[in-house]
Amino acid sequence: MNRANEGKRPVGESPIKPVEGVATRRFLKLVFMASCVIMAARGGVLLNPGFESPLASGGDVFGASDWVVFGGGTFTTSLLPHSGDNAFKVFGDTSGAFQEFPASAGETWVGSVWALNPDIDPLSGGQIAAVNIEWRELGGALLSFETTPLLNSSTPTGGQSSDYLFGEVAGVAPQGTAYARFVIISGAFAGPGGGAAYFDDASFADAPEPASFGLVGLALLGIGMIRTRKDPWRTQTLVTRRL
C-alpha cells in the first residue's frame, strides 16, 4: 500500500454533494421558520398587555386601551407598575377587563398576569382578585370557565415591583366553544370587602398543537444532523497526519 496516497481523497470524488447539502439546509431552515410562524400565529396575543395605554402620567384614567372593561372600578394608573409606566387598578363589588379570541373545542389555552395587593389600598374583607378563562359560544353565552385566585385580604401587601405575584390559568376548550376570553377581575366574592388589586404584564395564547412541536423538532434534528455530519475523507486525513 502506498502510504503517500493514504488519507487522500480521490480526484473528483466527493462523499457529500455540495448542491444537495445547500438545498437540504435551505429546506430545513424554511421548515423551521414556517413552524415558528405557525406557533406565533396560533392563538391570540393580548393587545396592550402591560397597560401602557392610555397615558396616565397626569392621573388615573378610566379603562385601558384594547380591553373591554366592566364594573365601575377599572383604571389605568401610573402608580405601582410591575414594569413600564402603568398598571391596571381594579376595585369594587365586581369589576375587571377582558379580551377574547376565536377558539375551538379541544384547544389548550394558557393565560398569566402579575398581581399586587397594594399597601396604599390593600384588599379587605371578602375581596378577591383572580384571573379567568371563559369559554363562550358563538352567540356569546358562557359555557364554563377556569379560574385562579390571585389575591385576598391575607395576601402580603407591598409597593414595589418585586412584591407582585405571578398567576397563571389554563384549560381545554369544551365542546361548543367559539371564543376564549381572558379575564382579570376583582370583587367581593367571599363577602363584603374593599381595597384595590393591581394587574400588569398579562399574556394569553393557545398552546401549539403537538404536531407543531414535532415539525419544529424534526427541523432542528435535521439541521443538527447536517451540522454534525462529517466528511469521512477529512477524518481519515486527520488520523493519518497524527500517525
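## Concerning the environment of Ser153
Relative to the helices and strands, Ser153 is located in the loop between β9 (142-151) and β10 (165-172). Sequence separation between Ser153 and Asn117 is 36 residues, and the spatial gap between their C-alpha atoms is 8.2 Å.

## Considering the environment of Gly50
Along the polypeptide, Gly50 turns up in the loop between α1 (18-41) and β1 (61-62). Each C-alpha atom of the pair Gly50 and Ala64 lies 9.9 Å from the other, and the pair is 14 residues apart in sequence.

## Comments concerning the nonpolar core
In terms of nonpolar packing, the biggest core is built from 28 residues, with Trp67, Phe182, Ile184 and Phe199 touching the most fellow members. Sorting the residues of this core by element identifies β4 (87-91), β5 (94-102), β6 (108-116), β8 (128-136), β9, β11 (179-187) and β13 (196-206) as the ones contributing at least two each. The residues contacting Ile184, other than those within four sequence positions of it, are Phe51, Trp67, Phe70, Phe88, Ser95, Gly96, Ala97, Val113, Ala130, Val131 and Phe199.

## Points about the confidence of the model for the protein chain
Residue-level pLDDT values for the protein chain average 81, and 67% of them are 70 or greater. This stretch, residues 31-44, has a pLDDT under 50; its non-local contacts, to residues over four places away or in other chains, come to 22 contacts. Considering only residues more than four positions removed or in separate chains, one finds that residues 226-243, a stretch of pLDDT under 50, has 20 contacts.

## Section: the sheet that holds strand β2 (residues 68-70)
Hydrogen bonding along the main chain pairs the strands of a sheet, whether they run parallel or antiparallel. Taken in spatial order, the five strands line up as β2-β5-β11-β8-β9 in an open sheet, and their pairing is antiparallel. Here the strands that pair on one side only, and so sit at the sheet edges, are β2 and β9. Averaged over all neighbouring strand pairs, the angle between strand axes comes to 20°, with direction disregarded. Note that β8 and β11 share nine bridges and pair antiparallel. Bridge assignment links Glu134 to a residue of β11, and that residue is Arg181.

## Some thoughts on the packing of aromatic side chains
In this structure the tally under the stated criterion is eleven aromatic pairs. Taking the centre distance of 6.2 Å and the plane angle of 55° together, the rings of Trp67 and Phe182 count as tilted. Of this pair, Trp67 sits in the loop between β1 and β2 while Phe182 sits in strand β11, and the two are 115 residues apart along the sequence. Judged by relative accessible area, which is 6%, Trp67 ranks as buried. According to the relative accessible area criterion, Phe182 is buried, its value standing at 0%. Seen in terms of ring centroids, Phe75 and Phe91 are 6.0 Å apart; in terms of plane orientation they differ by 5°. Their pairing is stacked. Of this pair, Phe75 sits in strand β3 (residues 74-77) while Phe91 sits in strand β4, and the two are 16 residues apart along the sequence. Taken together, the aromatic side chains of Phe51, Trp67, Phe88, Phe101, Trp109, Phe182 and Phe204 make up a single cluster linked through ring pairs. Looking at Arg181, its charged tip hangs above the ring of Phe98, at a distance of 3.8 Å from the centre.

What counts, and where the lines are drawn
- Residues numbered from 1 in each chain as written.
- Predicted model: local features only at pLDDT ≥ 70, side-chain atom pairs only at ≥ 80, totals over all residues.
- Heavy atoms only, no water.
- Helix = DSSP H or I, 4+ residues; strand = E, 2+ residues; numbered from the N terminus.
- Core = buried A, V, L, I, M, F, W, Y, C linked by side-chain atoms within 4.5 Å.
- Buried < 20%, exposed > 50% of the residue type's maximum accessible area, 1.4 Å probe, protein only.
- Contact = heavy atoms within 4.5 Å.
- pLDDT = per-residue confidence, 0-100.
- Pairing = 2+ DSSP bridges.
- Axes fitted to C-alpha atoms, helices over the stretch in contact; angles between N-to-C directions.
- Phe/Tyr/Trp six-rings, centres within 6.5 Å; stacked < 30°, edge-to-face > 60°.
- Lys NZ or Arg CZ within 6 Å of the ring centre and 35° of its normal.

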